[in-house]
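# Structural description and commentary
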Amino acid sequence: MVGAFSEAGKFMGETPEEWLGPYLMGKEWHLATAESCTGGLIAHRITNVPGSSNFFECGFITYSNDAKAEHLGVPEKILIEHGAVSEPCARAMADGVRK
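Here we summarise the structure given alongside this text. (Residues numbered from 1 in each chain as written. Predicted model: local features only at pLDDT ≥ 70, side-chain atom pairs only at ≥ 80, totals over all residues. Heavy atoms only, no water.)

Let us look at the nonpolar core. Formed by Leu72, Val74, Ile78, Leu79, Cys89, Ala92, Met93 and Val97, the largest nonpolar core amounts to eight residues. Per element, the largest residue contribution to this core is four residues, and it comes from helix H5 (residues 87-98). Leu24, Ala43, Phe55 and Phe56 belong to the second largest nonpolar core, which has five residues in total. (Core = buried A, V, L, I, M, F, W, Y, C linked by side-chain atoms within 4.5 Å. Buried < 20%, exposed > 50% of the residue type's maximum accessible area, 1.4 Å probe, protein only. Helix = DSSP H or I, 4+ residues; strand = E, 2+ residues; numbered from the N terminus.)

Here you go:
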(Lines give C-alpha, C1' and ligand atoms only; values in the text may rest on other atoms or scores of the structure.)
Protein backbone atom coordinates (compact mmCIF):
# COMPACT_ATOMS: atom_id res chain seq x y z
CA MET A 1 0.00 0.00 0.00
CA VAL A 2 2.85 2.39 0.66
CA GLY A 3 3.52 2.82 -3.06
CA ALA A 4 -0.08 3.93 -3.60
CA PHE A 5 0.34 7.07 -1.48
CA SER A 6 0.85 10.36 -3.28
CA GLU A 7 3.35 12.98 -2.18
CA ALA A 8 0.46 14.79 -0.46
CA GLY A 9 -0.01 11.76 1.82
CA LYS A 10 -3.23 10.68 0.17
CA PHE A 11 -4.24 7.15 -0.76
CA MET A 12 -6.61 6.86 -3.69
CA GLY A 13 -7.56 10.53 -3.18
CA GLU A 14 -8.21 10.20 0.56
CA THR A 15 -6.08 10.98 3.59
CA PRO A 16 -5.17 8.01 5.82
CA GLU A 17 -7.73 9.04 8.42
CA GLU A 18 -10.45 9.14 5.76
CA TRP A 19 -9.90 5.62 4.44
CA LEU A 20 -9.08 4.09 7.82
CA GLY A 21 -12.66 4.23 9.14
CA PRO A 22 -14.34 2.35 6.28
CA TYR A 23 -11.51 -0.19 6.34
CA LEU A 24 -11.87 -0.85 10.07
CA MET A 25 -15.68 -0.92 9.96
CA GLY A 26 -15.57 -3.34 7.03
CA LYS A 27 -13.66 -5.75 9.25
CA GLU A 28 -15.77 -4.89 12.33
CA TRP A 29 -12.63 -3.70 14.11
CA HIS A 30 -12.25 -0.81 16.54
CA LEU A 31 -9.31 1.48 17.19
CA ALA A 32 -7.66 2.88 20.29
CA THR A 33 -4.46 4.92 20.26
CA ALA A 34 -1.54 5.23 22.64
CA GLU A 35 0.51 8.34 21.90
CA SER A 36 3.40 10.15 23.49
CA CYS A 37 5.53 12.48 21.36
CA THR A 38 2.63 13.03 18.93
CA GLY A 39 0.65 14.62 21.78
CA GLY A 40 -2.69 13.27 20.57
CA LEU A 41 -2.31 14.33 16.94
CA ILE A 42 -3.23 10.88 15.61
CA ALA A 43 -6.43 10.72 17.66
CA HIS A 44 -7.22 14.31 16.70
CA ARG A 45 -6.93 13.60 12.98
CA ILE A 46 -9.05 10.46 13.24
CA THR A 47 -11.80 12.09 15.29
CA ASN A 48 -12.02 15.01 12.87
CA VAL A 49 -13.56 12.62 10.34
CA PRO A 50 -17.37 12.41 10.59
CA GLY A 51 -18.52 8.99 11.77
CA SER A 52 -15.28 8.13 13.57
CA SER A 53 -17.25 7.36 16.74
CA ASN A 54 -18.38 4.19 14.96
CA PHE A 55 -14.89 2.69 15.21
CA PHE A 56 -12.70 4.90 17.45
CA GLU A 57 -12.85 3.78 21.09
CA CYS A 58 -10.38 5.98 22.95
CA GLY A 59 -6.95 7.55 22.96
CA PHE A 60 -4.23 7.73 25.59
CA ILE A 61 -1.71 10.56 25.60
CA THR A 62 0.98 9.35 27.96
CA TYR A 63 3.76 11.87 27.71
CA SER A 64 5.47 11.22 31.05
CA ASN A 65 7.07 7.94 32.02
CA ASP A 66 4.77 7.76 35.05
CA ALA A 67 1.70 8.01 32.79
CA LYS A 68 3.06 5.30 30.48
CA ALA A 69 3.50 2.99 33.46
CA GLU A 70 0.23 3.87 35.22
CA HIS A 71 -2.19 3.94 32.28
CA LEU A 72 -0.61 1.53 29.81
CA GLY A 73 1.38 -0.77 32.07
CA VAL A 74 4.76 -0.04 30.47
CA PRO A 75 7.30 -1.80 32.70
CA GLU A 76 9.73 0.52 34.49
CA LYS A 77 12.56 -1.74 33.32
CA ILE A 78 11.80 -0.86 29.68
CA LEU A 79 11.72 2.85 30.45
CA ILE A 80 15.04 2.67 32.32
CA GLU A 81 16.90 0.38 29.92
CA HIS A 82 15.54 1.65 26.59
CA GLY A 83 13.95 5.03 27.29
CA ALA A 84 10.52 6.38 26.44
CA VAL A 85 11.40 6.98 22.79
CA SER A 86 12.28 3.42 21.80
CA GLU A 87 10.79 0.49 19.98
CA PRO A 88 10.44 -1.60 23.17
CA CYS A 89 8.50 1.24 24.81
CA ALA A 90 6.27 1.70 21.75
CA ARG A 91 5.53 -2.03 21.70
CA ALA A 92 4.71 -2.02 25.41
CA MET A 93 2.40 0.97 24.90
CA ALA A 94 0.65 -0.86 22.05
CA ASP A 95 0.25 -3.94 24.23
CA GLY A 96 -1.12 -1.80 27.04
CA VAL A 97 -3.73 -0.02 24.92
CA ARG A 98 -5.01 -3.39 23.66
CA LYS A 99 -5.90 -4.41 27.22
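Before going further, it helps to examine the environment of Pro16. Considering the arrangement of structural elements, one finds Pro16 in helix H1 (residues 16-26). With a relative accessible area of 29%, Pro16 lands in the partly exposed category. Each C-alpha atom, one on Pro16 and one on Ile46, is 8.7 Å from the other, the two residues being 30 residues apart in sequence.

Right, let's talk about the layout of surface pockets for a bit. Considered as a void within the structure, the largest pocket measures approximately 190 Å³ in volume. Contributing to the lining of the largest pocket are Ala32, Thr33, Ala34, Glu35, Ile42, Ala94, Val97 and Arg98. Counting only elements with at least two residues in the lining of the largest pocket, the list comes to strand S1 (31-35) and H5. Of the residues forming the lining of the largest pocket, the biggest block, four residues, is contributed by S1. In terms of residue class, the lining of the largest pocket is built from five nonpolar, one polar and two charged. (1 Å grid on protein atoms, 1.4 Å probe; cavity = no way out; pocket = protein on both sides within 12 Å on 5 of 7 lines; lining within 4 Å. Points joined across faces, edges and corners; volume = space filled by probe spheres on them. Nonpolar A, V, L, I, M, F, W, Y, C, P; charged D, E, K, R; others polar.)

Below, the discussion takes up the pairing of S1. Relative to strand S2 (residues 56-61), S1 is paired through five bridges, and the arrangement is parallel. When the bridges of S2 are listed, Ala32 appears paired with Cys58. (Pairing = 2+ DSSP bridges.)

What follows deals with the state of the cysteines. Summed over the entire model, instances satisfying the criterion amount to zero disulfides. A disulfide-free cysteine, Cys37 has its sulfur positioned 9.0 Å from the sulfur of Cys89, the nearest such atom. Residue Cys37 is classed as exposed on the basis of its relative accessible area of 58%. (Disulfide = S-S within 2.5 Å.)

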